[in-house]
Amino acid sequence: MKAEIAVLAASLVGQVLIMPAIFLLASPPPGVGLSWDMADAAGFAAFVVLLGLFVLNGRPTAWPNCDGKFFMVLHRGLGTGALALLGLHILPPLWVAPLLLDDLLPSGPWPMLAGLAAACLMLAGALSGLRGVRHALWRTARRFRIGHSVIAYATLPLSAFHVAEAGLHVNTEWKTALCAVLTAGAAAWTPVRWLLRPERNHASPSRKRWRNMSPHARTIVALMLAASVLSAVCYAMVTPHGGPG
């Protein structure tokens, strides 16, 4: 593995471990239950991966010096990983307490409805990007980019609202502010980057892009997902709780 790819892998794995830990471990509320606490940790990891999708948006950048397929495989893999973590966030609590479905009805609390809408949009974004569906639904690459971007930029604030207003782990003003800053930064990353430094998005003419790097992209995604799931399980096991599940 190239050094640049190794650094990228280490930084991404570090992000999915550190960022959820900040929300979960700083001023933590009492644990609820094993399933619930694991689901909470997985939800924060899914949110962090969602933020990463806006930074690693599938388009080649100057660093690491990989070909376009690497970045596309990485983006698709992160999207799949975010959906997997989302499933881990949703399904265990519903299994333990099916009455939670009442919170997803139109009369439910706004943060839960925002989370439901964000989950549906994430699933729609992933499904509409599948090769066969993409060609049938969007017809052209330009329409796909526009439609996919609209779905993504609708998903981000809904997810942030769900995270910030659920009222459990984001329980201080600085956590709310951090959530807002991370969301705004992810949304603005690509537009600002291309407007201010467009030349930074291209490899140096003296460096030929590395080809056949997509297996490394899959490895990075696997490491991120494994780290997220393992940390969620560890968090749930070490958190004192007395609730259901």
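Conventions adopted
- Numbering of residues begins from 1 in every chain and follows the order in which that chain's sequence is written.
- Predicted model: local features are reported for residues with pLDDT of at least 70 only, side-chain atom pairs are reported and counted for 80 or more only, and whole-chain, interface and lining totals are derived from all residues.
- In computing side-chain values, all of the structure's heavy atoms are included and hydrogens and water are not.
- Residues grouped as a nonpolar core are buried Ala, Val, Leu, Ile, Met, Phe, Trp, Tyr and Cys residues, joined through side-chain atoms within 4.5 Å.
- Buried, partly exposed and exposed residues are distinguished by accessible area as a fraction of the type maximum, computed with a 1.4 Å probe on protein chains only: under 20%, between the cut-offs, and over 50%, respectively.
- Note on conventions: DSSP H or I runs of at least 4 residues are helices, E runs of at least 2 residues are strands, and numbering of each starts at the N terminus.
- Helix span, as expected, comes to 1.5 Å for every residue beyond the first.
- Contacts between residues were defined by any pair of non-hydrogen atoms, one from each residue, lying within 4.5 Å.
- Ring pairs shown here join Phe, Tyr and Trp side chains whose ring centres sit within 6.5 Å, with only the six-membered ring taken for Trp; geometry is labelled stacked below 30 degrees between planes, edge-to-face above 60, and tilted in between.
- Throughout, a disulfide means two cysteine sulfur atoms within 2.5 Å of one another.
- In this charge count, Lys and Arg are treated as positive and Asp and Glu as negative; neither His nor the chain ends contribute.
- What makes a salt bridge here is a side-chain nitrogen of Lys or Arg within 4 Å of a carboxyl oxygen of Asp or Glu, nothing more.
- Think of a polar contact as two N or O atoms within 3.5 Å of one another; within protein, one of them needs to be a possible hydrogen donor and the other a possible acceptor, and neighboring residues in sequence only count if both atoms come from side chains.
- Lines fitted to C-alpha atoms define the axes here, with helix axes fitted over just the stretch in contact, and angles between the N-to-C directions of these axes take values from 0 to 180 degrees.
- Should an angle fall under 35 degrees it is taken as roughly parallel, and over 145 as roughly antiparallel, whereas 65 to 115 is taken as roughly perpendicular and any remaining angle as oblique.
- In this scheme the handedness of a crossing depends on how the near helix is turned from the far one: anticlockwise by less than a right angle means left-handed, clockwise means right-handed.
- Any residue with relative accessible area above 30% and no salt bridge may belong to a patch, with like charges joined within 9 Å and the nonpolar Val, Leu, Ile, Met, Phe, Trp and Tyr side chains within 5 Å.
- For accessible areas, the Shrake-Rupley method is used with a probe of radius 1.4 Å. Any residue's cover is judged against the shown protein chains and nothing else.
- To locate a charge, the coordinates of NZ of Lys, CZ of Arg, CG of Asp or CD of Glu are taken.
- pLDDT measures the predictor's confidence residue by residue and takes values from 0 up to 100.

(A) Structural context of the nonpolar core. Phe70, Leu74, Leu78, Ile220 and Met224 are the most contacted members of the largest nonpolar core, which has 50 residues in total. Of all the elements in the fold, those that place two or more residues in this core are helix 1 (3-25), helix 2 (34-55), helix 3 (68-96), helix 4 (110-128), helix 6 (141-165), helix 7 (173-196) and helix 8 (214-238). Counting residues per element, this core draws most heavily on helix 2, at twelve residues.

(B) Molecular detail of helix 1. For helix 1, spanning 23 residues, the distance from its first C-alpha to its last is 32 Å, which sits close to the expected 33 Å at 1.5 Å a residue. Listed in full, the buried residues belonging to helix 1 are Glu4, Ile5, Leu8, Ala9, Leu12, Val13, Gly14, Val16, Met19, Pro20, Phe23 and Leu24. The inward-facing, buried residues of helix 1 contact helix 2, helix 3, helix 7 and helix 8. Once helix 1 finishes, Ser27 follows within two positions and takes phi at roughly 50 degrees, a positive value.

(C) Representation of unusual backbone geometry within the structure. A positive phi angle is found at Arg139, which is not glycine, with a value near 75 degrees. Relative to the assigned elements, Arg139 resides in the loop between helix 5 (131-138) and helix 6. A residue is classified by how much of its surface remains accessible, and Arg139, at 62% relative accessible area, is exposed. At Asn212, a residue that is not glycine, the phi angle is positive and equals roughly 60 degrees. Among the secondary structure elements, Asn212 is positioned in the loop between helix 7 and helix 8. For Asn212, a relative accessible area of 67% corresponds to the exposed category.

(D) Region of the structure containing the packing of aromatic side chains. Tallied over the entire structure, the rule returns four aromatic pairs. For the pair Phe54 and Tyr153, a centre-to-centre distance of 5.1 Å together with 80 degrees between the ring planes defines the contact as edge-to-face. You can see Phe54 sitting in helix 2 and its partner Tyr153 sitting in helix 6, a full 99 residues away along the chain. Overall, Phe54 belongs to the buried group, its relative accessible area being 9%. By relative accessible area, which is 37% here, Tyr153 ends up partly exposed.

(E) Molecular detail of the state of the cysteines. For the structure shown, the criterion picks out zero disulfides. Free cysteine Cys120: the closest other cysteine sulfur is in Cys179, separated by 20 Å.

(F) Seen up close, the side chain of Asp37. As for its placement among the helices and strands, Asp37 is situated in helix 2. Buried charge Asp37 goes without a salt bridge, the closest partner of opposite sign being Lys175 at 12 Å. Side-chain polar atoms of Asp37 contact the backbone nitrogen of Val32, separated by 3.1 Å.

(G) Broad picture of the packing of helix 3 against helix 4. At a minimum axis distance of 11 Å, the contact between helix 3 and helix 4 shows a crossing angle of 150 degrees. Classified by the angle between their axes, helix 3 and helix 4 sit roughly antiparallel to one another. Helix-helix and strand crossings are classified by hand; for helix 3 and helix 4 the assignment is left-handed. Each of Ala82, Leu83, Leu86 and Ile90 in helix 3 lies in contact with helix 4, whose residues at this interface are Ala119, Met122, Leu123 and Ala126.

(H) Layout of the environment of Pro109. Following the sequence through the fold, Pro109 ends up in the loop between helix 3 and helix 4. Using a relative accessible area of 39% as the deciding quantity, one classes Pro109 as partly exposed. For the pair Pro109 and Glu165, spaced 56 residues apart in sequence, the C-alpha to C-alpha distance is 9.9 Å.

(I) Fine view of a positive patch on the surface. A cluster of like positive charges, contributed by Lys69, Arg76, Arg131 and Arg218, occupies part of the molecular surface. Its location among the elements puts Arg76 in helix 3. The exposure class assigned to Arg76 is partly exposed, which follows from its relative accessible area of 41%.

(J) Quick look at the confidence of the model for the protein. On average, residues of the protein carry a pLDDT of 89, and 93% of them reach 70 or more. Per-element averaging of pLDDT across the protein places helix 5 at the bottom with 86 and helix 4 at the top with 95.

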